[in-house]
Number of protein chains: 4
Amino acid sequence: MPLTPEQTAEIEAARANPRPTLRAVSEGMEAHLYRAHPVLDHGFIRVIDYMGDDSAIVQAARVSYGAGTKHVQNDEGLIRYLMRHWHSTPFEMCEVKLHVKLPVFVARQWIRHRTANVNEYSARYSILDREFYIPEPAQLAAQSTVNNQGRGEVLTGEESARVLAMLKSDAAQMYDHYEAMLSQDGQQGLARELARMNLPMNIYTQWYWKTDLHNLMHFLRLRADPHAQYEIRVYAEAIADCVRDWVPLAFAAFEDYRMGGVTLSAKAIAVLKRRLAGETVTQEASGMSKGEWREFVEVWG
Amino acid sequence: MPLTPEQTAEIEAARANPRPTLRAVSEGMEAHLYRAHPVLDHGFIRVIDYMGDDSAIVQAARVSYGAGTKHVQNDEGLIRYLMRHWHSTPFEMCEVKLHVKLPVFVARQWIRHRTANVNEYSARYSILDREFYIPEPAQLAAQSTVNNQGRGEVLTGEESARVLAMLKSDAAQMYDHYEAMLSQDGQQGLARELARMNLPMNIYTQWYWKTDLHNLMHFLRLRADPHAQYEIRVYAEAIADCVRDWVPLAFAAFEDYRMGGVTLSAKAIAVLKRRLAGETVTQEASGMSKGEWREFVEVWG
Amino acid sequence: MPLTPEQTAEIEAARANPRPTLRAVSEGMEAHLYRAHPVLDHGFIRVIDYMGDDSAIVQAARVSYGAGTKHVQNDEGLIRYLMRHWHSTPFEMCEVKLHVKLPVFVARQWIRHRTANVNEYSARYSILDREFYIPEPAQLAAQSTVNNQGRGEVLTGEESARVLAMLKSDAAQMYDHYEAMLSQDGQQGLARELARMNLPMNIYTQWYWKTDLHNLMHFLRLRADPHAQYEIRVYAEAIADCVRDWVPLAFAAFEDYRMGGVTLSAKAIAVLKRRLAGETVTQEASGMSKGEWREFVEVWG
Amino acid sequence: MPLTPEQTAEIEAARANPRPTLRAVSEGMEAHLYRAHPVLDHGFIRVIDYMGDDSAIVQAARVSYGAGTKHVQNDEGLIRYLMRHWHSTPFEMCEVKLHVKLPVFVARQWIRHRTANVNEYSARYSILDREFYIPEPAQLAAQSTVNNQGRGEVLTGEESARVLAMLKSDAAQMYDHYEAMLSQDGQQGLARELARMNLPMNIYTQWYWKTDLHNLMHFLRLRADPHAQYEIRVYAEAIADCVRDWVPLAFAAFEDYRMGGVTLSAKAIAVLKRRLAGETVTQEASGMSKGEWREFVEVWG
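Residues numbered from 1 in each chain as written. Chains lettered and ligands numbered in written order. Predicted model: local features only at pLDDT ≥ 70, side-chain atom pairs only at ≥ 80, totals over all residues. Heavy atoms only, no water.

Overview of the overall build of chain A
Along the backbone of chain A there are 13 helices and nine strands. Considered along the principal axes of its C-alpha atoms, chain A spans approximately 80 × 60 × 30 Å. Partitioning the intrachain contacts of chain A with sequence separation of at least 6 by distance along the chain shows that 68% fall at a separation of at least 24. A total of about 11500 Å² of accessible surface is found on chain A, and carbon and sulfur atoms cover 52% of it. Chain A carries 33 positive and 38 negative side-chain charges, and their two centres are separated by 6 Å. (Helix = DSSP H or I, 4+ residues; strand = E, 2+ residues; numbered from the N terminus. Contact = heavy atoms within 4.5 Å. Areas by Shrake-Rupley, 256 points an atom, 1.4 Å probe, with all protein chains shown as cover. Lys, Arg positive; Asp, Glu negative; His and termini not counted. Charge placed at Lys NZ, Arg CZ, Asp CG, Glu CD.)

See the structure below:
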């Protein structure tokens, strides 16, 4: 349960006072504002602010293309056209700001997306809370035997129990020592900027993260992908649920062209054309490497 | 007069329908929304959307510094502290979207600020209007004799009249030829993407330009500076007037620390300390070059 | 002919003095260094500096993936894997710096690629040369009748001659007036920062442009595309010829996966699968719009 | 001692084969190439590649300012001018690529500098080494009593010993557990992407980090500053030593204007002017807050 009663009260208070604005308003996103969507055991994502809606994308495109966009009958058609042709700038006209609570090892992956604004809770200034990510047993999986960066079978029985016990007791002990080092009770107390280094990477941190819709969709494409690590994927999925309500037309286009789409190489196009013409093509005749062929067959059989 | 009656009506319509929102609202900025602030002879800036206010800056900083910010008594003190110590990320939490109409030669300077999102009217798709920047006589200045990139004395008499006449007749002629090349009346008509190259750089273009407050202040520091070219400075000043109403505390800190501040080199610090100790320091004894010394004396006498 | 004898001599001098270095060296790129590749009537691109080669990409990837990359037999396989899976950071480890001379209207399109470093010749400080882009008759095309941003048939006979004459005489006249306004012969002389606004956008400018290989390939994908405007496409093609010699493995992967590849939407995948299963699918049954279907049929018949 | 004999041999091999190049060469930087500069107990920085030198900065500036730069007598004067007037683009024309080995908590601070290219060793793919940062006793300091983010007195006697013992034994235990969870000896073995979360943040990671000189100097200004945390400052200082040898003119200007410089607010300028006129100004009369005044007095007495 990620929220204290105080936090819940704070959120309800923030939601109690609508004010008039002349800006574009997304009803779907207003319903999410400030609310915490739980992720993992102690994490959450919260929408703190947003700018723009589907119309803002259309409006920006019409500034660019002027009379040239008149022939597109409607907003949906224009948004799909923009997505299909990789016109990214109109999608950059929408912006969102999230409050995210997440384990440090997830944060380290997330921060690699550079085109965003971030304010992270600083453990140089302040003391972190005693909250660690401990996976559900169903998530405790073995190393994949086919993929260097993936997971395979779920751990069973004794091994699962031993791993869980280790994660729990280590987290508890490290936090005890963190407090013991910081304590000024009868001693000087180690500086916070030093004591923090003893904490394991499943401790939770939090940040404000702000980005535009184009870059957010790029993040979602990579992190809501089935190959992404489960612990970041659940954050991406929670965000995707908000984006769907915020800009439904753009999100539908994104799902069709990006999340549900594939990119074919020139070689793959050639193979598909030969198949469409009735030919049977083998890996050897495809010009593809074994790995490439395996990925190709996963999609096309 | 930059707006047609249709545009004015459109703006009034956009301002007629306030809607409730749970987001942060800046009253000062709401008053500007959609309205056109005239700049130069045919240009304007309009605020189309914004995200955040002074409180958003404070809120982001408190996420970062946690309990560490409790000792700062108030928002103003915290904002001034952040500005003084070059903490840029909290200011990145505010975002603004402008609609700007501006001459192409100004746009070429403006676009050098890369950390922004832009949708420009495309002359590949659409036909530009017959609108050119023709300076006021008071702005028709000679090349500076001391500064390779500045202006000197205002042109007088006959020369001023001749220059003005040239600018006007050339603009008219080039636009006539643009239309003549595009015309499909009894001929094929040159492609728009080609015809546009005959237009001079004082023709007006327009764009949507979106950036965060930190990068906007960087833009203002460079472009509202007295050394900036007049034709971009007036845009920066019009924007600054909106920012003052949007985030009054941040803007006041910006004026004190950035617009009104100076940076001293180690050499300049040493000279000032010697002066404070009662010594008279010459350029030769300062270790500064002549140019550096001249700039130093401009500030410190 | 874009180069003066002085410039040619300067280039030969720069190429005359190899110096020893311990850095990665690309023989293919050394052959291009400083040399001018002519583009359009007065333009060129020149490679001024570069960092890294195919091995640098591999090296960076092996830092990331450690022992995980051991199973990939060779550099080519790894580079193709990285490209196929959109791993962009290893390609960012190579950097190139170009000197480009190009018409202003091309520069305006080019500069929209923000992830690059640019130093452009400043017409505030200096006086531009009398050089304008005048298209070959074969490039003087009419507006496309099917595409708002494209060209159609080449202009013929009298219309072509009239357009060419207009472009030439306008350029000459505008430059004459530019000089007349600047002249300090018996008058004050208009400031350079003002006089430049009377110049048409087919005048040549020049800049140093530096970017990394990942962003360069993104630029090439958009600008060497058949839908890009001819006048920027020829620059992209000239750059592509240098990149091919610089990082041959990365460029081959880029050609296969990006330039020669296509992206399919979820709808398009479904249609292709039905076709592979022997079904005939119509636009109506495809779920695609007419425009989308037309683009689909262009590739797949 | 951060390097194994194998690594040392590898570095010497890389340095054994100079090859001819036509590019700009910095003798000072060639001497650093590949060599490891030790930082902290197991870390290092190594220069892997670089592009440009002091002349490249000058060359880029002269492209921009054309004849306008002719009056500057020499390269040093021009570089100082560019630095003084915040012309950042010429400094962006130089690029450097470093190999850095550093504790995770330092990496987390470092990565906040977004304008850089990074390839980090991935603990999803590969297994981290048993190497942890354990501070020297002289670095084990108490929390500052005046600064929420700083250190105060060095810990003494028993407390110091207890903290050190805790850090060492915790690191050892966590790594033992990391190995125990990964082990496939008679069990499935936990996936690497999960096991890594049990590691404390003083474990070492490594990355390739590439950035341009302008952004590097911004990094150095913040991280080589006395207020930066010691553990990142020593990296900044090691890098600064390389930059000094790479671009000596630019680095000297940087030291004078940035590292050794200060920024004065409008209020501070006013106070200094009153002092220069012989007046005694108190905090109350200065218009500054207490914190601001304290910082002012630190510099000016």
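So, the sheet that holds strand S4 (residues 95–103) of chain C
All names here are of chain C. The five strands are arranged S2-S3-S4-S8-S5 in an open sheet whose pairing can be described as antiparallel. The open sheet is flanked by strand S2 (36–39) and strand S5 (117–120), the only strands paired with a single partner. Recorded for the sheet is a direction-independent mean angle of 20° between the axes of neighbouring strands. Alignment of strand S3 (residues 43–51) against S4, held across seven bridges, turns out to be antiparallel. Directly across from tyrosine 50, in S4, lies its bridge partner valine 96. Seen against the sheet, helix H8 (residues 213–223) touches S4 and strand S8 (204–212) and runs at an angle of roughly 130° to S8. Contacting S2, S3, S4 and S8, helix H9 (residues 230–246) runs over the sheet at an angle of about 30° to S3. (Pairing = 2+ DSSP bridges. Axes fitted to C-alpha atoms, helices over the stretch in contact; angles between N-to-C directions.)

Some points on the interface of chain B and chain A
Taken together, the contact pairs 51 residues of chain B with 51 residues of chain A. Surface buried jointly by chain B and chain A totals about 4600 Å² across both partners, of which 52% is contributed by carbon and sulfur atoms. Inspection of the chain B/chain A interface yields six salt bridges. A salt bridge links B:Lys210 to A:Glu95, with the nearest nitrogen and oxygen atoms 2.5 Å apart. At the junction of chain B and chain A, the tally comes to 26 residue pairs in polar contact (both at pLDDT 80 or more). Counting residues per element, the side of chain B that touches chain A draws most heavily on helix H3 (residues 54–65) of chain B, which supplies six residues. Looking at side-chain class alone, the side of chain B that touches chain A contains 25 nonpolar, 14 polar and 12 charged residues. (Buried area = accessible area lost by both parts, 1.4 Å probe. Salt bridge = Lys/Arg side-chain N within 4 Å of Asp/Glu carboxyl O. Polar contact = N/O pair within 3.5 Å; in protein donor to acceptor, adjacent residues only side chain to side chain. Nonpolar A, V, L, I, M, F, W, Y, C, P; charged D, E, K, R; others polar.)

Describing the interface of chain D and chain A
If you look at the interface, chain D gives 62 residues, while chain A gives 62 residues. Considering only the surface of chain D that becomes buried against chain A, D:Arg124, D:Gln188 and D:Met197 emerge as the three largest contributors, covering 13% of it. Across the chain D-chain A interface, the total number found is four salt bridges. Taking the shortest distance from any N to any O, the salt bridge between D:Glu120 and A:Arg108 comes out at 2.8 Å. Elements that contribute at least two residues to the side of chain D that touches chain A include exactly helix H5 (104–110), strand S5 (117–120), strand S6 (141–143), strand S7 (151–154), helix H6 (157–182) and helix H7 (192–195) of chain D. When grouped by side-chain class, the residues that make up the side of chain D that touches chain A number 29 nonpolar, 19 polar and 14 charged.

A closer look at the relation of the copies chain D and chain A
For these two chains of identical sequence, chain D goes onto chain A by a turn of 180° and a shift of 0.0 Å along the axis, with RMSD 0.0 Å. A rotation of that kind, with that shift, is consistent with a two-fold axis. Every residue of chain D has its C-alpha some distance from the rotation axis, and the shortest such distance is that of D:Pro200, at 1.9 Å. Most of the interface of chain D is mirrored in chain A: 100% of its interface residues are interface residues there too. (Least-squares fit on C-alpha atoms with pLDDT ≥ 70 in both.)

Focus on the packing of H9(C) against helix H10 (residues 248–259) of chain C
Residues and elements named next belong to chain C. One can describe the packing of H9 onto H10 by two numbers: an axis separation of 5 Å at closest approach and a directional angle of 125°. As judged from the angle between their axes, H9 and H10 are oblique. Contacts between H9 and H10 pair Ala240, Val243, Arg244, Asp245 and Trp246 from the former with Pro248, Phe251 and Glu255 from the latter. Grouping the constituent residues of the contact of H9 with H10 by class yields five nonpolar, no polar and three charged. (Parallel < 35°, antiparallel > 145°, perpendicular 65-115°, else oblique.)

Regarding the UniProt feature "binding site: FAD" (unreviewed entry) in chain A
Residue and element names in this part refer to chain A. UniProt marks Thr89, Arg112, His113, Arg114, Glu120, Asp212, Leu213, His214 and His218 with the feature "binding site: FAD" (unreviewed entry), using the numbering shown here. The greatest C-alpha distance among the annotated residues, which extend across 130 residues, is 27.4 Å, indicating that they are dispersed rather than converging on a single site. Structurally, the position occupied by histidine 113 is in the loop between helix H5 (104–110) and strand S5 (117–120). Leaving out residues up to four positions away in the same chain, histidine 113 has contacts with His218, Phe219, Leu222 and Arg223. Mapped onto the elements of the fold, histidine 218 is located in helix H8 (residues 213–223). (UniProt positions renumbered as here; feature names shortened; annotations may be inferred.)

Overview of helix H8 (residues 213–223) of chain B
Residues and elements named next belong to chain B. Burial analysis of H8 places eight of its 11 residues in the buried class, which makes it a mostly covered element. Burial in H8 covers these residues: Leu213, Asn215, Leu216, Met217, Phe219, Leu220, Arg221 and Arg223. At the N-terminal end of H8, a side-chain oxygen is found 3.0 Å from the backbone nitrogen of histidine 214, two or three residues along, and the residue is aspartate 212. (Buried < 20%, exposed > 50% of the residue type's maximum accessible area, 1.4 Å probe, protein only.)

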